[in-house]
Amino acid sequence: MTIQSTISKYIFFFLCMLTIGCTKQDKTDTLDSELSESGLPMMKPSKVDYPAVTSNYNTTKKAAVEKYCEKYWRNENSNLSFLVAKNGAVLYERYQGIGNRKTQEPITKETPLHIASVSKVLTATAVLLLIDAGKIDLDQKVNTILKSFPYSDITIETLLNHRSGLRNYAYFTEDKGVWDRKKTLTNQDILTLFTEKNIQLESPANKRFCYCNTNYAMLALIIEKVSGLNFGEAMQQMIFKPLKMNNTFVFDIDKDKERVTPSYKGNNMELAFDYLDGIYGDKNIYSTPSDLLQFDLARNAPSFLNPELRAKIYKGYSNEHKGTKNYGLGIRMIEWETGQKFYFHNGWWHGNTSSYISLGKEGVTIIALSNKFTKNVYSVRKLAPLFGDYPFEFNDED
């Protein structure tokens, strides 16, 4: 074999391998484009290769969490869906109580419960994905998207951080002549009432912080307008499906009333739906701790959003009054003078209570849900000192 023929042989082999590589890459690109066929940005599952949790660490922390549960959840009739995870590995989980007293179905790992205002974290995440994809801007005026929105100074950012000055729909719809409370209120109805009933702002936009569910009802409408889909389908495509959150969905009052897990209070009295149960974005997402863990891992992955936008989530926007409490973009926070920050969101709707805690620095996720009203759900923050320098007293009863 001549030198020339040998060289030609190697060139041919190289070109074949290059073609195979390009074909493989093209196939990958095609798969990626199929996932994005709707044109909507999607959360990506976390691919972070976390270090394994040692058996000693697991045993020690599990025992401490068990001690907490024995104090706050020793009654097995107390309804609880609870999970603590480190680096994506579950350290402890507990499911107890009856999800539906009519059917005697127990609460299990797969039982979706109403996560109340923890829904805001997911709604905010969808909005941030749209911003990151360049479909909308953080400082964009809301009336450039929702054309009938009558308040010219309110931006997407001031909806996300509760500085819009909007009134709470639960309050202004109780005003005489504003709404017939025998009729189910919708997100679109709220938008219409702003103009038809001349609903005034509580305060000028970006003047002060005021936690208000109306902000997130409007964000849900923005998601619908930009995506061309109803809120439930948009959330399914952007977050639930790509993260395999198979037990998570947006409640549709016309379709889901008979199938969802009821909520209770007191002596197991079931709480009825009311005219406010058609509103979504601020609430009305059902999920499980396992699904929310996948969501939290994806939110803490380096690939989630561009770094500049991501940093804005965890910035406190309300500093009119000195204190430790603040609010970012869809997340509550406590900021101590030491520089330590604690990120979380709680929820309460009818008998449903919820707590979502993300200790990103320590790689720890804590989630507690209940469909029988109890403030014990909020006590899970006392577990934070087990994992980092968080000044909550484990035995503090407040």
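The sections below set out a description of the structure shown in this document. Predicted, not measured: the structure shown is a model, and the values here were computed from it.

**As for the overall build of the protein**
Looking only at helices and strands, the protein features ten helices and 14 strands. Expressed as a percentage of the 398 residues in the protein, the buried residues total 51%. Counting contacts in the protein only where the partners sit at least 6 residues apart, residues at least 24 apart contribute 66% of the total. If you sum the accessible surface of the protein, you get close to 19,900 Å²; carbon and sulfur atoms cover 51% of it.

**Let's talk about the pairing of strand β2 (residues 89-96)**
Across seven bridges, the pairing between strand β1 (residues 80-86) and β2 is antiparallel. By the bridge assignment, A85 is partnered in β2 with V90. The antiparallel hairpin formed by β1 and β2 contains two residues in its connecting segment, where N87 sits at a positive phi of about 55 degrees.

**Quick look at the packing of helix α6 (residues 187-196) against helix α7 (residues 213-227)**
For the pair α6 and α7, interaxial distance at closest approach is 9 Å and the crossing angle is 110 degrees. On the basis of their axis angle, the class for α6 and α7 is roughly perpendicular. From α6, N187, Q188, I190, L191 and F194 reach across to α7, where they touch T214, A217, M218, A220 and L221. Along the lines of polarity and charge, the residues of the contact of α6 with α7 split into seven nonpolar, three polar and no charged.

**Quick word on helix α2 (residues 55-72)**
Look at α2: 26 Å from first C-alpha to last across 18 residues, which is about the 26 Å you get at 1.5 Å a residue. Buried-residue contacts for α2 involve β1 and β2.

**A closer look at the sheet that holds strand β5 (residues 113-114)**
Judged by pairing direction, the sheet is antiparallel, and its three strands sit side by side in the order β5-β9-β6 without closing on themselves. For this open sheet the edge positions go to β5 and β6 (249-250), each flanked by a neighbour on one side alone. Note that β6 and strand β9 (residues 285-287) share two bridges and pair antiparallel. Along β9, the bridge assignment pairs V250 with I285.

**Some thoughts on the pattern of salt bridges**
Considering all chains together, one arrives at eleven salt bridges under this definition. R181 is the salt-bridge partner of E174, the closest N and O atoms lying 3.9 Å from each other. Residue classification places E174 among the partly exposed residues on the basis of a relative accessible area of 47%. For R181, a relative accessible area of 47% puts it in the partly exposed group. Salt bridges sharing partners connect three or more residues here, namely E66, E70 and R94.

**Observations regarding the state of the cysteines**
Counting across every chain of the model gives zero disulfides. Just so you know, C210 is unpaired, no disulfide at all, and the nearest cysteine sulfur is the one on C212, 6.2 Å from it. Looking at C210, the relative accessible area reads 27%, which means it is partly exposed.

Scoring rules and cut-offs
Residues numbered from 1 in each chain as written. Predicted model: local features only at pLDDT ≥ 70, side-chain atom pairs only at ≥ 80, totals over all residues. Heavy atoms only, no water. Helix = DSSP H or I, 4+ residues; strand = E, 2+ residues; numbered from the N terminus. Buried < 20%, exposed > 50% of the residue type's maximum accessible area, 1.4 Å probe, protein only. Contact = heavy atoms within 4.5 Å. Areas by Shrake-Rupley, 256 points an atom, 1.4 Å probe, with all protein chains shown as cover. Pairing = 2+ DSSP bridges. Axes fitted to C-alpha atoms, helices over the stretch in contact; angles between N-to-C directions. Parallel < 35°, antiparallel > 145°, perpendicular 65-115°, else oblique. Nonpolar A, V, L, I, M, F, W, Y, C, P; charged D, E, K, R; others polar. Expected span 1.5 Å × (residues − 1). Salt bridge = Lys/Arg side-chain N within 4 Å of Asp/Glu carboxyl O. Disulfide = S-S within 2.5 Å.

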